[in-house]
Amino acid sequence: MTDTSVRPDRPVLPRYDRPSAAAFLGYAFGVALLVWCLAGAGFSVDKVLSAPPRFADFAARAFPPNFDPAVLSRLGWKMVETMQIAIAGAVIGVILSLPVALLAARGLIAGNWVNQIVRVGLSFIRAVPDIAWALVFVVAVGLGPFAGMLAIVVDTIGFCGRFFADDMEGVDKGPAESLTATGARKLDVVACATIPAAMPAFVSTALYALEKAVRSSTILGLVGAGGIGIELKVGFDLFDYPTAMTVILMIAVVVIAIEQLSGWARVKIIGEQR
Amino acid sequence: MRVTRNSMPSSVTDLDLRPAARVSPASQPRPPLDHVSVSPVDIEARAVAKRFGETAIFQDVSFRLARGEAVALVGANGAGKSTLLRCAMGLIPVSAGEVHLLGQPASAARGRALRSLRARIGLVSQSHNLVPRLSALSNVVHGMLGKSPGPRHWSHMIAPQAVREAALEALDRVGMADFAGRRADRLSGGQSQRVAIARAIVGAPEVLFADEPCASLDPQAGEDVMELFFRLVRNEGTTVVFTSHNIDHALRYGDRVLGLSGGRMELDATAASLTARDLRGLYD
Ligand SMILES: Nc1ncnc2c1ncn2[C@@H]1O[C@H](COP(=O)(O)OP(=O)(O)OP(=O)(O)O)[C@@H](O)[C@H]1O
Ligand SMILES: [Mg+2]
């Protein structure tokens, strides 16, 4: 006969317990922290309550959006420029990210020190917002889309360099070990085993970087780094809310379309696996 | 399967360098037991120990394997067979002792010296370890990376013609020539095992480590692969070390049997002197 009762020497995992005093203090501290942050953010119930009428006022003045053909054509071309900035920046950024990621990935080709230094560098790049990079490049190369493209390149390297490295660290080590056993050099092992295995993750990360680049590129114009953002700023500055509304709608349509497209491409490229 | 066809060895380059005595026809009876002491030693382990952190896997493992020997390494699950092979290849460091391969200190070797030593040795790992998204042929071409490094051996599409032919020949020897273009992650378990074997033998290794080479093969394919190894040993003088849970294979295809049990090399004897019952004792 089999004994179905729980054996005393093999306890099941513990069930929910009342939090200890320390845990309770921890929760209380968390709540206090949140309240403090809300205060710092100028949270005010008055403003929340008064916002809807003001928002309605803005909406009333913005609608209907400006669909004048001349304006649409001007904005359309600005949107094309925005996409050019995004795509050029993202593609160059992704390409440059690969060697950077090879240096950042632990246990691949570079030693510990190099990994650390490169990773700190990448963290720094990410810590600086894309709009700040745009400001820097406007100073460096002057107003215009080129500054925006450079900002996107740097932003993409900060993002893809890190995640490509993580992707490569995460792949199954077996094939790499077997190729090491053939006497292959590190670079050959990485090229033959690690990169092919990480390819689906690379594609996914790169498509996400493109989505991110499109979103960034739409606001670079706020600081004069090219793209449709300038139209948004001018629209608000001149209280031309209908045109500003058209810009917002255009950005939304393009960003959503890019996300759909990249989701589709992701499935097409990666989904066929197995 | 084409494995059983009576082919000449695909690579004769190594044969020229070796003593003629090592090349004997497959039909000839096995060399006498004492050839172990007269042939050069290909693999020597001296008091090797391996620990993962606090966990000791094995200790004080010593053995000498002569050139051109077929050696079965047996032991229960978790006995440390795969770990021992990985230590021998220098893929993981030993905790104590040393391993000599082909007369060179493998466990102490680094960099270029270690790579050129590994290039003379083939390894079939237990988990096959093919690169999933590449073709079977590319995976076999990778077997040449040790001898001829560089981008031309990254894929079968850009590999030199001679390498492509050698890789195809290796696939043919394991009966996988028809699957050369198939992606590795779309092969069955047995097919991928055979591709892994092709990758290990394409460079005509002087020593071949095969970790459970027949584990995912059907009985006939398993016999064919063991026959292939047997011919490598007899015709090309390759030293073959294979692990197996098939006692029959160990006794039939091994000249020697090494048995790991309880963290020690409990058994080191000629296959002829052993019975199936002796081996079963290792699993208690
Ligand atoms: N990287 C590792 N870290 C910690 N423990 C490990 C590691 N690799 C293997 N082990 C442990 O070492 C022991 C020996 O493993 P090994 O794979 O060598 O066994 P094996 O004899 O090949 O078994 P099997 O017949 O199942 O293949 C096992 O208990 C395993 O859990
Ligand atoms: Mg094993």
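Residues numbered from 1 in each chain as written. Chains lettered and ligands numbered in written order. Predicted model: local features only at pLDDT ≥ 70, side-chain atom pairs only at ≥ 80, totals over all residues. Heavy atoms only, no water.

*Asks:* Could you give an account of the overall build of chain B, with specific residues and numbers?
*Replies:* When helices and strands are counted, chain B shows 10 helices and 10 strands. Within chain B, the proportion of its 284 residues that are buried is 57%. Pairs at least 24 residues apart make up 68% of the contacts formed inside chain B by residues separated by at least 6 positions. (Helix = DSSP H or I, 4+ residues; strand = E, 2+ residues; numbered from the N terminus. Buried < 20%, exposed > 50% of the residue type's maximum accessible area, 1.4 Å probe, protein only. Contact = heavy atoms within 4.5 Å.)

*Asks:* Please set out the overall build of chain A residue by residue, giving values where relevant.
*Replies:* Looking only at helices and strands, chain A features 10 helices and zero strands. In chain A, the succession of α and β elements from N to C terminus is α-α-α-α-α-α-α-α-α-α. Summarising its shape, the C-alpha atoms of chain A cover approximately 80 × 55 × 40 Å along the three principal directions. For chain A, the residues scored as buried account for 40% of the 274 residues in total. Contacts in chain A between residues at least 24 apart in sequence constitute 74% of all its contacts with a sequence separation of at least 6. Positive and negative charge centroids in chain A, built from 22 and 21 side chains respectively, lie 4 Å apart. (Lys, Arg positive; Asp, Glu negative; His and termini not counted. Charge placed at Lys NZ, Arg CZ, Asp CG, Glu CD.)

*Asks:* If you had to explain the site of ligand 1 to someone new, which residues and values would you point to?
*Replies:* Residues and elements named next belong to chain B. What surrounds ligand 1 is a group of 13 residues, the closest being Gly78, Lys81, Ser82, Thr83 and Gln126. At 2.9 Å, a side-chain N or O of Asn77 approaches an oxygen atom of ligand 1. With respect to ligand 1, the backbone of Gly78 contributes an N or O atom lying 2.8 Å from an oxygen atom. Protein burial of ligand 1: of its 630 Å² of free accessible surface, 60% is covered by the chains. (Near = heavy atom within 4 Å. Polar contact = N/O pair within 3.5 Å; in protein donor to acceptor, adjacent residues only side chain to side chain. Areas by Shrake-Rupley, 256 points an atom, 1.4 Å probe, with all protein chains shown as cover.)

*Asks:* Which residues make up the coordination of the magnesium ion (ligand 2), and what values go with them?
*Replies:* Coordination sphere of the magnesium ion (ligand 2), protein contribution only: Ser82 of chain B (OG) and Gln126 of chain B (OE1), at 1.9 to 2.1 Å. A residue pair is termed long-range when its members are at least 10 positions apart, and Ser82 of chain B in helix H3 (residues 81–88) and Gln126 of chain B in the loop between strand E6 (121–124) and helix H5 (136–141) qualify at 44 residues. (Donors = N, O, S within 2.8 Å, 3.2 Å for Na, K, Ca; no water.)

*Asks:* Residue-level account of the sheet that holds strand E1 (residues 41–52) of chain B, with values.
*Replies:* Residue and element names in this part refer to chain B. A sheet is described by the order of its strands in space; here four strands give the open sequence E2-E1-E4-E5, paired in antiparallel fashion. Among the strands making up the open sheet, the edge pair consists of strand E2 (55–66) and strand E5 (104–105). Pairing analysis gives two bridges linking strand E4 (residues 96–101) to E5, with the strands arranged antiparallel. Paired with His100 across the strands is Pro105, a residue of E5. This element, H3, spans E1, E2 and E4 of the sheet and lies at about 65° to E2. (Pairing = 2+ DSSP bridges. Axes fitted to C-alpha atoms, helices over the stretch in contact; angles between N-to-C directions.)

*Asks:* Account for the nonpolar core, with residues named and values stated.
*Replies:* In this structure, Val140, Leu171, Val195, Leu208, Phe229, Val257 and Leu279 of chain B are the most contacted members of the largest nonpolar core, which totals 52 residues. The leading source of residues in this core is helix H8 (residues 219–236) of chain B, at eight residues. Other than its neighbours up to four places away in sequence, Val257 of chain B contacts Ala72, Val74, Ala250, Leu251, Leu267, Asp268, Ala269, Ala271, Leu274 and Leu279 of chain B. In terms of nonpolar packing, the next biggest core, distinct from the first, is built from 51 residues, Val138, Ala147, Leu220 and Val255 of chain A among them. (Core = buried A, V, L, I, M, F, W, Y, C linked by side-chain atoms within 4.5 Å.)

*Asks:* Would you mind going over the packing of helix H5 (residues 130–141) of chain A against helix H6 (residues 145–170) of chain A in detail, with residue names and values included?
*Replies:* Residue and element names in this part refer to chain A. Where H5 meets H6, the closest approach of the two axes is 8 Å, and the angle between their N-to-C directions is 135°. Classed by the angle they form, the pair H5 and H6 counts as oblique. Judged by the sense of rotation from one axis to the other, the crossing of H5 with H6 is right-handed. For the pair H5 and H6, the contacting residues are Asp130, Trp133, Ala134, Phe137, Val138 and Val141 in the first and Phe146, Ala147, Leu150, Ala151, Val154 and Asp155 in the second. (Parallel < 35°, antiparallel > 145°, perpendicular 65-115°, else oblique. Left-handed = near helix turned anticlockwise from the far one by under 90°.)

*Asks:* Report on the UniProt feature "transmembrane region" (unreviewed entry) in chain A, specifying residues and quantitative values.
*Replies:* Residues and elements named next belong to chain A. According to UniProt, the positions carrying the feature "transmembrane region" (unreviewed entry) are residues 20–45, 85–111, 131–154, 189–210 and 241–258. Along residues 20–45, the helical share is 81% and the strand share 0%, with 34 Å between the first and last C-alpha atoms. Taken as a whole, residues 189–210 contains 100% helix and 0% strand, while its terminal C-alpha atoms sit 29 Å from one another. (UniProt positions renumbered as here; feature names shortened; annotations may be inferred.)

*Asks:* Summarise the pattern of salt bridges; cite the residues concerned and give the values.
*Replies:* Applying the stated criterion across every chain yields a total of 26 salt bridges over all chains. Where Glu44 of chain B meets Arg64 of chain B, a salt bridge forms, and the shortest distance between an N and an O atom there is 3.2 Å. With Glu44 of chain B in strand E1 and Arg64 of chain B in strand E2, this pair connects stretches of sequence that are 20 residues apart. Note on Glu44 of chain B: relative accessible area 14%, which makes it buried. We note a salt bridge from Asp268 of chain B to Arg256 of chain B, for which the minimum N-O separation is 2.9 Å. With Asp268 of chain B in strand E10 (residues 264–270) and Arg256 of chain B in strand E9 (residues 256–261), the pair connects residues that are 12 residues apart, well separated along the chain. You can call Arg256 of chain B buried: its relative accessible area is 7%. Here the salt bridges do not stand alone but share partners, grouping Arg106, Arg119, Arg162, Asp166 and Glu169 of chain A into one network. (Salt bridge = Lys/Arg side-chain N within 4 Å of Asp/Glu carboxyl O.)

*Asks:* Run through the packing of aromatic side chains, naming residues and quoting values.
*Replies:* All names here are of chain A. By the definition in use, this model includes 11 aromatic pairs over all chains. Arranged with centres 5.9 Å apart and planes meeting at 10°, the rings of Phe58 and Phe236 form a pair that is stacked. Linking Phe58 in helix H2 (residues 45–62) with Phe236 in helix H9 (residues 229–237), this pair joins segments that are 178 residues apart in sequence. Here Phe236 falls in the partly exposed class, since its relative accessible area comes to 34%. Taken together, Phe55, Phe58, Phe236, Phe239 and Tyr241 form an aromatic cluster joined through their ring pairs. One residue, Arg162, lies across the ring of Phe163, its end atom 4.6 Å from the ring centre. (Phe/Tyr/Trp six-rings, centres within 6.5 Å; stacked < 30°, edge-to-face > 60°. Lys NZ or Arg CZ within 6 Å of the ring centre and 35° of its normal.)

*Asks:* Summarise unusual backbone geometry; cite the residues concerned and give the values.
*Replies:* All names here are of chain B. Here the phi dihedral of Ala47 falls at roughly 50°; this positive angle occurs in a residue that is not glycine. Considering the arrangement of structural elements, one finds Ala47 in strand E1. In this structure Ala47 comes out as partly exposed when scored by relative accessible area, which is 35%. If you check the backbone angles, Leu102 has positive phi at about 50° while not being a glycine. Relative to the helices and strands, Leu102 is located in the loop between E4 and E5. Taking relative accessible area as the criterion, Leu102 reaches 8% and is therefore assigned buried.

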